[in-house]
Amino acid sequence: MERTKVFGMAPEQGRWLYIPLGLIVLLCLGTVYSWSIFRKPLEKAFSIGATESLLPFTVLLVVFAVLMPITGFLIDKYGCRTVTAVGGVITGLGYIFSSFANNISSLVFTYGVIAGAGVGIAYGVPLAVTARWFPDKKGLAVGLTVVGFGLSPLITAPIAKSLIESYQVPQTFLILGGAFTIIILLISATLTFPPTGWKPAGWEPSQSVRIATNDDVQMMQTSSFYGLWICYTIGTFVGLSAIGISSPVAQEIIKLDAGTAAATVSLFALFNGLGRPLFGWIADKYKPRNAAVINYVLILIASILMSSAGRGNVASYLAAFCLFWLSLGGWLAIAPTATLTLFNPLNYAKNYGIVFTAYGVGAFFGTIVAGRIRDIFGSYTLAFYVTAVLAIVGIICAWFLLKRSWTVSSEVDLS
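None of the values given here were measured: they were computed from a predicted structure.

Topic: the overall build of the protein
- From N to C terminus, the protein includes 16 helices and 0 strands.
- For 415 residues, the compact-globule estimate of 2.2 N^0.38 gives 22 Å, and the protein sits close to it at 21 Å.
- Overall size of the protein, expressed as C-alpha extent along the three principal axes, is 65 × 45 × 30 Å.
- Put simply, the protein has 415 residues, and 57% of those count as buried.
- Restricting to contacts in the protein with at least 6 residues of sequence separation, those with at least 24 account for 83%.
- Of the roughly 15,800 Å² of accessible surface on the protein, a fraction of 67% belongs to carbon and sulfur atoms.
- Positive and negative side-chain charges in the protein, numbering 25 and 16 respectively, have mean positions lying 2 Å apart.

If you want it as structure tokens, here you go:
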């Protein structure tokens, strides 16, 4: 029988191309993390406050998370190419329609609902493709792929800022929407899953993986699912609230100018991207529970730094938000790696879709609480007391709940 070829190469070599291709798709989708660049211009244009300017971002994240579980079923029925293409087109249309929005309500619908739906449909496909092609390096491969989502602001934040200054916000949405549609459509044509039963030459699954594949226990019947869901919710609550207020905090608390604040968002994106392969590797090597505890300790340190920060405390601001963004990037690797490790890997697309609902819950409350604290108390400082408490709760939950995912013989450690 003729051996499988990937991009004209042996699959063990050709499969590595799926990582940069998936990364580029997620780079386009991850422009949502540059939302803080749009907020000040929108607040001025629409005469709205901090809570209102966060609404499109918040709704997008919630819609994104709600549609993720559906994507797992769509992939099985329509294939990864079609689902990616449809998600890319809807995302692009959401941005294009946003260029015609003349108030915050219409922007919530065009950007939050339509673009959010596109992101939700397309996001999980590159991860599922990578996970199937790399059963031997799942944490590292998925972590490298999802780097695109975290690194996106490094590229898109300065691009968006430049476009806004040159063409205003509406035209910026239009340009980004057209570019994303074309890029994602082109890449979608290259995506495919490996043949059923394929595995890298010379690699045999470990005993724990074989048990996971053959085990009939459903994910939601396990305590580790609820532990992972709670931990993921806390991680995204903290991380996404920090991302949404990065630029405003720099300007309002540290008193940096808008240009410097935008530049810091690009810096933070590097750490967001680094967090994915770093914590994917940590979760692979030291187990998801330990990766989660390390992540929460970093969040606690960042929260303490920002709780007393004020005008001119640039070092504290940079250190804290680098840690916040690193930690969120970490959760975007810890959660999928834990899902692959703790539950049946053959059901990864569906399982991670369910786990990913935690992202939506964390996003909704994280962005709402941060904006509300600013509106009520006149400062974002109190938000960091909330993140500190949540970090402590997260450490406790991870340590006691993020353990074994199903009942197996005692000699096999799957915690």
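From this point on, the discussion continues.
So, the confidence of the model for the protein
- For the protein, the mean per-residue pLDDT works out to 85, and 93% of the residues sit at or above 70.
- The weakest mean pLDDT in the protein belongs to helix 9 (residues 207-214) at 48; the strongest belongs to helix 5 (residues 80-98) at 96.
- Here residues 210-216 is a poorly scored stretch, pLDDT under 50, and it has 14 contacts once near neighbours within four places are set aside; other chains count.
- Counting contacts from residues 405-415, a segment whose pLDDT is below 50, to residues more than four positions away or on other chains yields 32 contacts.

Considerations on the nonpolar core
- Counting 110 residues, the largest nonpolar core has Y123, F149, F321, F324, Y352 and Y359 as the members making the most contacts within it.
- Among the elements that make up this core, the one with the highest residue count is helix 13 (residues 314-342) (16 residues).
- Excluding anything up to four places from it in sequence, Y359 contacts Y33, L61, F64, A65, F149, Y232, T236, L240 and L332.

Side note on the environment of L93
- Among the secondary structure elements, L93 is positioned in helix 5.
- On the basis of relative accessible area, L93 is assigned to the partly exposed category, the value being 34%.
- Separated by 17 residues in the primary sequence, L93 and T110 have C-alpha atoms spaced 8.3 Å apart.
- Among residues more than four places away in sequence, those in contact with L93 are I114 and T181.

Regarding a nonpolar patch on the surface
- Residues I230, I392, I396, W399, F400 and L401 make up a contiguous nonpolar surface patch of roughly 570 Å² in combined accessible area.
- Of all the elements, helix 16 (residues 383-401) adds the most residues to the nonpolar patch, at 5 residues.
- Here I392 lies in helix 16.

Focus: the environment of G273
- Note that G273 resides in helix 11 (residues 258-286).
- Overall, G273 belongs to the buried group, its relative accessible area being 3%.
- As a C-alpha pair, G273 and G14 span 259 residues in sequence and 23 Å in three-dimensional space.

What about the pattern of salt bridges?
- The tally for this structure, following the rule as stated, stands at 8 salt bridges.
- Note that D76 and K350 form a salt bridge whose closest N and O atoms lie 3.4 Å from each other. Pair noted here: D76 is in helix 4 (residues 50-78) and K350 is in helix 14 (residues 348-355), with a separation of 274 residues, a long-range link.
- Looking at K350, the relative accessible area reads 27%, which means it is partly exposed.
- Of the charged contacts in the structure, one is a salt bridge between E165 and K161, with a shortest N-O distance of 2.4 Å. Residue E165 and its partner K161 are both found in helix 8 (residues 147-188); the two are separated by 4 residues, about one turn of the helix.
- The exposure class of E165 is exposed, given its relative accessible area of 55%.

Digging into the state of the cysteines
- Taken as a whole, this structure holds 0 disulfides when the rule is applied.
- Cysteine C80 shares no disulfide, and the gap to the nearest cysteine sulfur, in C28, comes to 17 Å.

Remarks on the packing of aromatic side chains
- A complete count under the given rule lists 34 aromatic pairs for this structure.
- Each ring, one from Y95 and one from F180, has its centre 5.3 Å from the other, and the planes form 85°; the classification is edge-to-face. With Y95 in helix 5 and F180 in helix 8, this residue pair connects regions lying 85 residues apart in the sequence. Just as Y95 is buried, F180 falls in that class too.
- Measuring from ring centre to ring centre gives 6.0 Å for F321 and F384, while their planes differ by 85°; the resulting arrangement is edge-to-face. One end of the pair, F321, is in helix 13; the other, F384, is in helix 16, and 63 residues separate them in sequence.

The rules behind the values
- Residues numbered from 1 in each chain as written.
- Predicted model: local features only at pLDDT ≥ 70, side-chain atom pairs only at ≥ 80, totals over all residues.
- Heavy atoms only, no water.
- Helix = DSSP H or I, 4+ residues; strand = E, 2+ residues; numbered from the N terminus.
- Rg over C-alpha atoms; globule rule 2.2 N^0.38 Å.
- Buried < 20%, exposed > 50% of the residue type's maximum accessible area, 1.4 Å probe, protein only.
- Contact = heavy atoms within 4.5 Å.
- Areas by Shrake-Rupley, 256 points an atom, 1.4 Å probe, with all protein chains shown as cover.
- Lys, Arg positive; Asp, Glu negative; His and termini not counted.
- Charge placed at Lys NZ, Arg CZ, Asp CG, Glu CD.
- pLDDT = per-residue confidence, 0-100.
- Core = buried A, V, L, I, M, F, W, Y, C linked by side-chain atoms within 4.5 Å.
- Patch = residues over 30% accessible without salt bridge, like charges linked within 9 Å, V, L, I, M, F, W, Y side chains within 5 Å.
- Salt bridge = Lys/Arg side-chain N within 4 Å of Asp/Glu carboxyl O.
- Disulfide = S-S within 2.5 Å.
- Phe/Tyr/Trp six-rings, centres within 6.5 Å; stacked < 30°, edge-to-face > 60°.

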